[in-house]
Amino acid sequence: MKRLYSTFVLLAVLLIVPFVTGCAEKEPVAIFIPQTEIILNPGDEVFLEVFADYGGDSELEPVLISEGLLFFSSREELLTVEPDGRVHIRSQVLNSGKVLTGESGELHVKYGNLKTSCRVLLIPNPEDSIDPMGFLIDPESIDALVNKTRSLPEDYEPPLLTRVSVPTCLTFQEVNHLRRPAAAALSRMFTEAEDEEGYKLIARSGYRSHKTQAGLYQMNVENHGQEYADKYSARPGTSEHQTGLAMDITSKTVNNQLVDNFGETPEGVWVHENCHRFGFILRYLPGKEDVTGYNYEPWHLRYVGEVLATEIYSRGLTLEEFYDLGR
Ligand code: DAL
Ligand code: ZN
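In this report, we go over the structure that sits alongside the text. This one's a predicted model, so the numbers in the text were calculated from it and none came from an experiment.

## Considering the overall build of the protein chain
Check the secondary structure of the protein chain and you find eight helices and 16 strands. In the protein chain, buried positions account for 45% of the 327 residues. Accessible surface for the protein chain amounts to roughly 17200 Å². Of this, 53% is attributable to carbon and sulfur atoms.

## Side note on helix α2 (residues 180-197)
Taking 1.5 Å per residue as the helical rise, α2 with its 18 residues ought to reach 26 Å, and the 26 Å between its terminal C-alpha atoms agrees with that figure. Buried within α2 we find Ala182, Ala183, Ala185, Leu186, Ser187, Met189, Phe190 and Ala193. Note on α2: the residue one or two positions beyond its end, glycine 198, has a positive phi of about 80°.

## Some thoughts on the sheet that holds strand β5 (residues 61-62)
Strand order across the open sheet formed by three strands is β1-β4-β5, with antiparallel pairing between neighbours. Of all strands in the sheet, those with a lone pairing partner are β1 (30-32) and β5, marking the two edges. For β1 and strand β4 (residues 51-53), the ladder comprises three bridges, and the chain directions are antiparallel. Each residue of the ladder has a partner; that of phenylalanine 32, found in β4, is phenylalanine 51.

## A look at unusual backbone geometry
You will see that asparagine 255, though not glycine, has its phi angle at about 55°, which is positive. Of note, asparagine 255 is situated in the loop between β14 (246-251) and α5 (266-274). In the Ramachandran plot, asparagine 256 falls in the positive-phi region, its phi being about 60° despite a non-glycine side chain. Checked against the element boundaries, asparagine 256 lands in the loop between β14 and α5.

## Overview of the coordination of the zinc ion (ligand 2)
Around the zinc ion (ligand 2), the donor atoms from the protein are His241 (NE2), Asp248 (OD) and His300 (ND1), and they sit 2.0 to 2.1 Å away. Classification of histidine 241 by relative accessible area gives buried; the value is 3%. In this structure histidine 300 comes out as buried when scored by relative accessible area, which is 3%.

## Quick word on the site of ligand 1
Around ligand 1, the neighbouring residues are Arg208, Gln213, Tyr232, Ser233, Ala234, Ser239, His241, Tyr284, Tyr294 and Glu297. Within the side chain of glutamate 297, one N or O atom sits 3.0 Å away from a nitrogen atom of ligand 1. Taking 220 Å² as the accessible area of ligand 1 by itself, protein coverage stands at 96%.

Reading the values: rules and limits
- Residues numbered from 1 in each chain as written.
- Chains lettered and ligands numbered in written order.
- Predicted model: local features only at pLDDT ≥ 70, side-chain atom pairs only at ≥ 80, totals over all residues.
- Heavy atoms only, no water.
- Helix = DSSP H or I, 4+ residues; strand = E, 2+ residues; numbered from the N terminus.
- Buried < 20%, exposed > 50% of the residue type's maximum accessible area, 1.4 Å probe, protein only.
- Areas by Shrake-Rupley, 256 points an atom, 1.4 Å probe, with all protein chains shown as cover.
- Expected span 1.5 Å × (residues − 1).
- Pairing = 2+ DSSP bridges.
- Donors = N, O, S within 2.8 Å, 3.2 Å for Na, K, Ca; no water.
- Near = heavy atom within 4 Å.
- Polar contact = N/O pair within 3.5 Å; in protein donor to acceptor, adjacent residues only side chain to side chain.

Here it is as structure tokens:
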């Protein structure tokens, strides 16, 4: 009888337990990393967290490394990822010693047949990107911070200057140029403003050489005095316009002028709220005069790329604040 009972128990264990555990074992329908983009500084280290979605109303659950997660980096020379999910950003390009800036890479994760990925954007430490005299070491970088204490070399000319293909209002051709990625983004923004809202934007002043900026600044000093000039006009070598990544825009509603009330026109409001979608930020914000050193300029757009622009806009920051610097 005892033997019969034991056999019965064994059979029950063999038949029922697999059925019960089989039912309890859930298969995720997707995995994901909560941030689709991560912004990091050179030398940073972070852990990637991966979550599993079991479908329906079930809770998202973290996936443990021990469960078989596999990590891959699309750019080993820029970012490495350890088997335990630890992501490390290099601080210098191997062999060149050059500080990395504005670069990005993808991190891919595999879990069985499921895959996910996220983008990593590298933001340089600003103090690493100037020399002891305050000149930018890599003035070509798209995210270069140029301001009253961080200058461009006098002979700096940006690469790939191209004539913008949007309506302009000045005959001096130099200012109708931008670096190619910024020019393309400007075209997309102007087209969208017209298609979405019927707004006709005008590009007024883009690239300005060191010499042009010197003339403009001098003219401002002569007409308005140095104190006023320094609130609106950058001294030569310190203007974003010399990067070929800044454009002053306007519209017929303000007679193609660069005036404060452009910011209150429907076009100006649209630009403020939408320019990040195309990679631009409004560089000199109202209420941030002490941070930027300039008065509010609703017309001055600076191209930094879509990821950075969206991050900066959504946090309501200036470029200085984003890099956590005073001017
Ligand atoms: N108006 C801005 C500050 C410039 O001159 O670059
Ligand atoms: Zn400007």
